[in-house]
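# Understanding the architecture of this molecule
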Amino acid sequence: SQQGEEDPQALSIQEGENATMNCSYKTSINNLQWYRQNSGRGLVHLILIRSNEREKHSGRLRVTLDTSKKSSSLLITASRAADTASYFCATDGRSGNTPLVFGKGTRLSVIA
Amino acid sequence: GAVVSQHPSRVICKSGTSVKIECRSLDFQATTMFWYRQFPKQSLMLMATSNEGSKATYEQGVEKDKFLINHASLTLSTLTVTSAHPEDSSFYICSARDVREGEKLFFGSGTQLSVL
């Protein structure tokens, strides 16, 4: 089952601009993770934020989490053409080795 | 990070044939692996959880006799699409966790199945 929605579904920006993607989810979570997928490839983990955290940074990535609104955002600063990919949020509702539930994803195009 | 290897990357088969997809954890042991399916420009849908040495757990609506999962060792899980039909054409991706890396999932590179 889908956990929620990503917004926007598609985003096209110029190189150097910032890209913001939003994710909403439905159930309580243990943590929320963001993944990147290049076309026709597997997913790569970007960043994880726990339910008791509000913000996290990793290089050009900034993730926020609002558990009261059941939403998260991913900000990519100073985007590059190589950032072109689909980005998915995924929620982990329980502790232990459980599967992730993925959102619908945002397709980001960064134009050089 | 941990590496998950998935083969084949692409397969084309005739309707009615069976196709086996392999998923290996190369540098770690995985007692559990997760199989997802993805349609073009859509999200990943969990199909089943593969457990080493025991039966897989299938998600609602996924036919276990259609999608046979075997997890015979700590580093290998296989998904066999039996009697494939065109509607089974999709992108199949496996994933697993490495306990040394916490809660993140490591994914194979995926298998694009096309059934003619």
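The notes below deal with the structure included here.

### Let's talk about the overall build of chain B
- In terms of helices and strands, chain B carries zero helices and eleven strands.
- Reading chain B from its N terminus to its C terminus gives the helix and strand order β-β-β-β-β-β-β-β-β-β-β.
- Over its C-alpha atoms chain B spans a radius of gyration of 13 Å, differing by no more than 12% from the 13 Å that the globule rule assigns to 116 residues.
- Projected onto the principal axes, the alpha-carbon positions of chain B cover approximately 40 × 30 × 25 Å.
- Look at the contacts in chain B between residues 6 or more apart in sequence, and 53% of them connect residues 24 or more apart.

### Details of the state of the cysteines
All names here are of chain A.
- In this structure the tally under the stated criterion is two disulfides over all chains.
- A sulfur-sulfur separation of 1.9 Å characterises the disulfide bridge that pairs Cys-23 with Cys-89. Handedness here is read from the sign of the S-S torsion; for Cys-23 and Cys-89, about 65°, the answer is right-handed. Note that Cys-23 is positioned in strand S3 (residues 19–24) and Cys-89 in strand S9 (residues 85–92), a separation of 66 residues in sequence.

### Regarding the sheet that holds S3(A)
All names here are of chain A.
- Taken in spatial order, the five strands make up an open sheet running S1-S3-S8-S7-S6, and their pairing is antiparallel. The open sheet has two edge strands, strand S1 (6–7) and strand S6 (55–58), and neither has a second partner.
- Across four bridges, the pairing between S6 and strand S7 (residues 61–66) is antiparallel. Opposite His-57, over in S7, you have Arg-62 as the bridge partner.

### Remarks on the pattern of salt bridges
Residue and element names in this part refer to chain B.
- Following the criterion strictly, the structure yields nine salt bridges over all chains and no others.
- For Glu-101, the salt bridge is made with Lys-104, and the minimal N-O distance between the two is 3.8 Å.
- Overall, Glu-101 belongs to the partly exposed group, its relative accessible area being 30%.
- Accessibility expressed as a relative area gives 22% for Lys-104, which makes it partly exposed.

### Comments concerning the interface of chain B and chain A
- Listed by partner, the interface residues are 21 residues for chain B and 25 residues for chain A.
- At the boundary of chain B with chain A, total buried surface from both sides reaches about 1,800 Å², with 52% on carbon and sulfur atoms.
- Where chain B touches chain A, the interface holds two salt bridges.
- At the boundary of chain B with chain A, the tally comes to ten residue pairs in polar contact (both at pLDDT 80 or more).
- Among the elements of the structure, strand S4 (32–38), strand S5 (44–51) and strand S9 (90–96) of chain B are those that each provide at least two residues to the side of chain B that touches chain A.

### With respect to the sheet that holds strand S7 (residues 67–73) of chain B
All names here are of chain B.
- Strand order in the open sheet formed by four strands is S1-S3-S8-S7, and the pairing between neighbours is antiparallel. The open sheet has two free edges, formed respectively by strand S1 (4–7) and S7, since each of these has just one partner strand. Taken over all neighbouring pairs, the strand axes of this sheet differ in orientation by 15° on average, direction set aside.
- Pairing geometry for strand S3 (residues 19–25) and strand S8 (residues 76–81), over six bridges, is antiparallel. Following the sheet pairing, Cys-23 is matched in S8 by Ser-77.

### What about the packing of aromatic side chains?
- All chains considered together, the criterion is met by seven aromatic pairs over all chains.
- Ring geometry for A:Phe102 versus B:Tyr36: centroids 5.4 Å apart, planes at 90°, classification edge-to-face. One end of the pair, A:Phe102, is in strand S10 (residues 101–102); the other, B:Tyr36, is in strand S4, on a second chain.
- Here a set of aromatic residues connected by ring pairs shows up, and it is made of A:Tyr35, A:Phe88, A:Phe102, B:Tyr36 and B:Phe107.

### Remarks on the pairing of strand S5 (residues 43–50) of chain A
All names here are of chain A.
- Inspection of the sheet shows strand S4 (residues 31–37) paired to S5 by seven bridges, in the antiparallel sense. The partner of Trp-34 across the bridge, within S5, is Ile-47.
- Hairpin connection of S4 to S5: five residues between the antiparallel strands, including Gly-40 at a positive phi of 70°.

The rules behind the values
- All residue numbers refer to position in the chain's written sequence, counted from 1.
- Going through the entries in the order they are written, you letter the chains from A and number the ligands from 1.
- With the structure being a predicted model, the display of local features is reserved for residues of pLDDT at least 70 and the display and counting of side-chain atom pairs for 80 or more, all residues being used for whole-chain, interface and lining totals.
- Only hydrogens and water are set aside; all other atoms, that is, all heavy atoms of the structure, feed into the side-chain values.
- Helix and strand assignments follow DSSP, with helices taken as H or I runs no shorter than four residues and strands as E runs no shorter than two, numbered in order from the N terminus.
- Radius of gyration here is computed from C-alpha atoms only, and the compact-globule reference equals 2.2 Å multiplied by the residue count raised to the power 0.38.
- Throughout, a contact is declared for two residues whenever any of their heavy atoms are within 4.5 Å.
- For this text, the term disulfide refers to a pair of cysteine sulfurs within 2.5 Å.
- In this scheme, strands are said to pair when DSSP sees at least two bridges between them.
- Just to be clear on terms, a salt bridge is a Lys or Arg side-chain nitrogen sitting within 4 Å of an Asp or Glu carboxyl oxygen.
- Each residue's exposure class comes from its accessible area (1.4 Å probe, protein chains only) as a fraction of the maximum for that residue type: buried when under 20%, exposed when over 50%, partly exposed otherwise.
- What counts as buried area is the accessible surface, traced by a 1.4 Å probe, that two parts surrender upon association, with contributions from both included.
- Any pair of N or O atoms that falls within 3.5 Å is considered a polar contact. Within protein, one atom must be able to donate a hydrogen and the other to accept it, and sequence-neighbouring residues count only if both atoms are side-chain atoms.
- Interaxial angles span 0 to 180 degrees and are taken between N-to-C directions of axes, which are lines fitted to C-alpha atoms, for helices over the stretch in contact.
- Paired rings are identified among Phe, Tyr and Trp, the last through its six-membered ring, by centres lying within 6.5 Å, and are further divided according to the angle between planes into stacked (under 30 degrees), edge-to-face (over 60) and tilted (the rest).

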